[in-house]
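Residues per chain, in single letters:
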Amino acid sequence: EAGVAQSPRYKIIEKRQSVAFWCNPISGHATLYWYQQILGQGPKLLIQFQNNGVVDDSQLPKDRFSAERLKGVDSTLKIQPAKLEDSAVYLCASSFRQFNTGNTIYFGEGSWLTVV
Amino acid sequence: EDKVVQSPLSLVVHEGDTVTLNCSYEVTNFRSLLWYKQEKKAPTFLFMLTSSGIEKKSGRLSSILDKKELFSILNITATQTGDSAVYLCAVGLNTGTASKLTFGTGTRLQVTL
């Protein structure tokens, strides 16, 4: 089965510019997650969708980050304007249902962002 | 605040050694604990643990959970250079409206010849 697809894999932008990342989850997976992983740290959840609705965005910096999943499949994460501290890997993940006992989360290979 | 703490932060071993990685947690609404292996790409799933004292095993890797003492260990026997990676521990939580994973910072393992 195809895995979680993300693009672009790598992006370098200047601070105050904008960037968008795209994610296509595993077919049939209703739950989609965006994680931010700063070098040397574990992934931190930014936003979680169940189909096309947001169920947790408590750690999303809403003044500059936005995400949508309009048709309940693909998702886009946008950063505008970017700051130096946004340099990180942005991991998209999906699971069949909301994560609970028995549902594993599968990760994409990540989009590596460098803000200069 | 939910916390997941892994130790050691990093270690270097020789091929053939056995290593034990530790994960302790302080969280509310615990559901399960997961281990992932992360090389220079996506984290790949290793184990999910929900019950205390039941060892999960896959080849040279095994893991066990202690829900009373709030920790888990990941053992790797007869290590190989291909085991070099960051090992992430994550705790699955219920937050009322959502279920989510909270990760530790990882243990970086380097296996040398």
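For the structure itself, consult the block above.
Residues numbered from 1 in each chain as written. Chains lettered and ligands numbered in written order. Predicted model: local features only at pLDDT ≥ 70, side-chain atom pairs only at ≥ 80, totals over all residues. Heavy atoms only, no water.

### Quick word on the overall build of chain A
Turning to step 1, where the next piece is worked out: A count of helical and extended segments in chain A gives zero helices and 11 strands.
Turning to step 2, where the next piece is worked out: Scanning chain A from its N terminus toward the C terminus, one meets helices and strands in the order β-β-β-β-β-β-β-β-β-β-β.
Turning to step 3, where the next piece is worked out: A globule of 116 residues ought to have a C-alpha radius of gyration of about 13 Å, and chain A, at 13 Å, matches this closely.
Turning to step 4, where the next piece is worked out: A buried classification covers 47% of the 116 residues belonging to chain A.
Turning to step 5, where the next piece is worked out: For chain A, contacts bridging at least 24 residues in sequence account for 54% of all contacts bridging at least 6.
Turning to step 6, where the next piece is worked out: Entry remark: accessible area of chain A is about 5,600 Å², with carbon and sulfur atoms responsible for 50%.
Turning to step 7, where the next piece is worked out: Treating the 12 positive side-chain charges of chain A as one cloud and the 10 negative ones as another, the clouds have centres 3 Å apart. (Helix = DSSP H or I, 4+ residues; strand = E, 2+ residues; numbered from the N terminus. Rg over C-alpha atoms; globule rule 2.2 N^0.38 Å. Buried < 20%, exposed > 50% of the residue type's maximum accessible area, 1.4 Å probe, protein only. Contact = heavy atoms within 4.5 Å. Areas by Shrake-Rupley, 256 points an atom, 1.4 Å probe, with all protein chains shown as cover. Lys, Arg positive; Asp, Glu negative; His and termini not counted. Charge placed at Lys NZ, Arg CZ, Asp CG, Glu CD.)

### Brief notes about the side chain of B:Gln6
Residues and elements named next belong to chain B.
Turning to step 1, where the next piece is worked out: Mapped onto the elements of the fold, Gln 6 is located in strand S1 (residues 3-7).
Turning to step 2, where the next piece is worked out: Judged by relative accessible area, which is 4%, Gln 6 ranks as buried.
Turning to step 3, where the next piece is worked out: Among the polar contacts listed, one links the side chain of Gln 6 to the backbone nitrogen of Gly 106, at a separation of 3.0 Å.
Turning to step 4, where the next piece is worked out: The contacts of Gln 6, once residues within four sequence positions are left out, are Asn 22, Cys 23, Trp 35, Tyr 87, Leu 88, Cys 89, Gly 104, Thr 105, Gly 106 and Thr 107. (Polar contact = N/O pair within 3.5 Å; in protein donor to acceptor, adjacent residues only side chain to side chain.)

### Topic: the pairing of strand S9 (residues 85-94) of chain B
Residues and elements named next belong to chain B.
Turning to step 1, where the next piece is worked out: Burial within S9 is extensive, with nine of its 10 residues counted as buried.
Turning to step 2, where the next piece is worked out: The pairing of strand S4 (residues 30-38) with S9 spans eight bridges and is antiparallel. Its bridge partner lying in S9, Trp 35 is registered against Cys 89.
Turning to step 3, where the next piece is worked out: For S9 and strand S11 (residues 107-112), the ladder comprises three bridges, and the chain directions are antiparallel. Bridging across to S11, Val 86 finds its partner in Arg 108.
Turning to step 4, where the next piece is worked out: By the bridge criterion, five bridges tie S9 to strand S10 (residues 99-103) in an arrangement that is antiparallel. Bridging across to S10, Ala 90 finds its partner in Phe 103. (Pairing = 2+ DSSP bridges.)

### Section: the sheet that holds S1(B)
Residue and element names in this part refer to chain B.
Turning to step 1, where the next piece is worked out: On the basis of which strands lie adjacent, the open sheet formed by five strands has the order S1-S3-S8-S7-S6 and antiparallel pairing. Each edge of the sheet is formed by a strand with only one pairing partner; in this case those strands are S1 and strand S6 (56-58). Geometrically, the sheet is characterised by an average inter-axis angle of 15° between neighbouring strands, direction not taken into account.
Turning to step 2, where the next piece is worked out: Across five bridges, the pairing between S1 and strand S3 (residues 19-26) is antiparallel. (Axes fitted to C-alpha atoms, helices over the stretch in contact; angles between N-to-C directions.)

### Some thoughts on the interface of chain A and chain B
Turning to step 1, where the next piece is worked out: Listed per partner, the contact involves 25 residues of chain A and 22 residues of chain B.
Turning to step 2, where the next piece is worked out: Counting each side, the surface lost to burial between chain A and chain B is near 1,900 Å², with a carbon and sulfur contribution of 58%.
Turning to step 3, where the next piece is worked out: Between the two partners, chain A and chain B, sit zero salt bridges.
Turning to step 4, where the next piece is worked out: Mapped onto the side of chain A that touches chain B, the elements with two or more residues apiece are strand S4 (31-37), strand S5 (44-50) and strand S6 (53-56) of chain A.
Turning to step 5, where the next piece is worked out: Among the elements that take part in the side of chain A that touches chain B, S4(A) stands out by supplying three residues, more than any other.
Turning to step 6, where the next piece is worked out: Of the residues assigned to the side of chain A that touches chain B, the class counts are 10 nonpolar, 13 polar and two charged. (Buried area = accessible area lost by both parts, 1.4 Å probe. Salt bridge = Lys/Arg side-chain N within 4 Å of Asp/Glu carboxyl O. Nonpolar A, V, L, I, M, F, W, Y, C, P; charged D, E, K, R; others polar.)

### Structural notes on the packing of aromatic side chains
Turning to step 1, where the next piece is worked out: Throughout the structure, instances matching the rule amount to 11 aromatic pairs over all chains.
Turning to step 2, where the next piece is worked out: Judged by centre distance (5.4 Å) and plane angle (20°), the rings of A:Phe21 and A:Tyr90 are stacked. With A:Phe21 in strand S3 (residues 19-24) and A:Tyr90 in strand S9 (residues 88-95), the pair connects residues that are 69 residues apart, well separated along the chain.
Turning to step 3, where the next piece is worked out: For A:Phe21, a relative accessible area of 1% corresponds to the buried category.
Turning to step 4, where the next piece is worked out: Residue A:Tyr90 is classed as buried on the basis of its relative accessible area of 0%.
Turning to step 5, where the next piece is worked out: A network of ring pairs unites the aromatic residues A:Tyr33, A:Tyr35, A:Phe107, B:Tyr36, B:Phe45 and B:Phe103 as a single cluster. (Phe/Tyr/Trp six-rings, centres within 6.5 Å; stacked < 30°, edge-to-face > 60°.)

### A few points about unusual backbone geometry
All names here are of chain A.
Turning to step 1, where the next piece is worked out: Backbone torsion omega between Ser 7 and Pro 8 reads -10°, so that peptide bond is classified as cis.
Turning to step 2, where the next piece is worked out: In this fold, Pro 8 is placed in the loop between strand S1 (5-7) and strand S2 (10-13).
Turning to step 3, where the next piece is worked out: The omega torsion across Gln 80 and Pro 81 is -5°, close enough to zero to call that bond cis.
Turning to step 4, where the next piece is worked out: Considering the arrangement of structural elements, one finds Pro 81 in the loop between strand S8 (75-79) and S9.
Turning to step 5, where the next piece is worked out: Of note, Arg 16 is a non-glycine position whose phi angle comes to about 80°, a positive value.
Turning to step 6, where the next piece is worked out: Within the fold, Arg 16 resides in the loop between S2 and S3.

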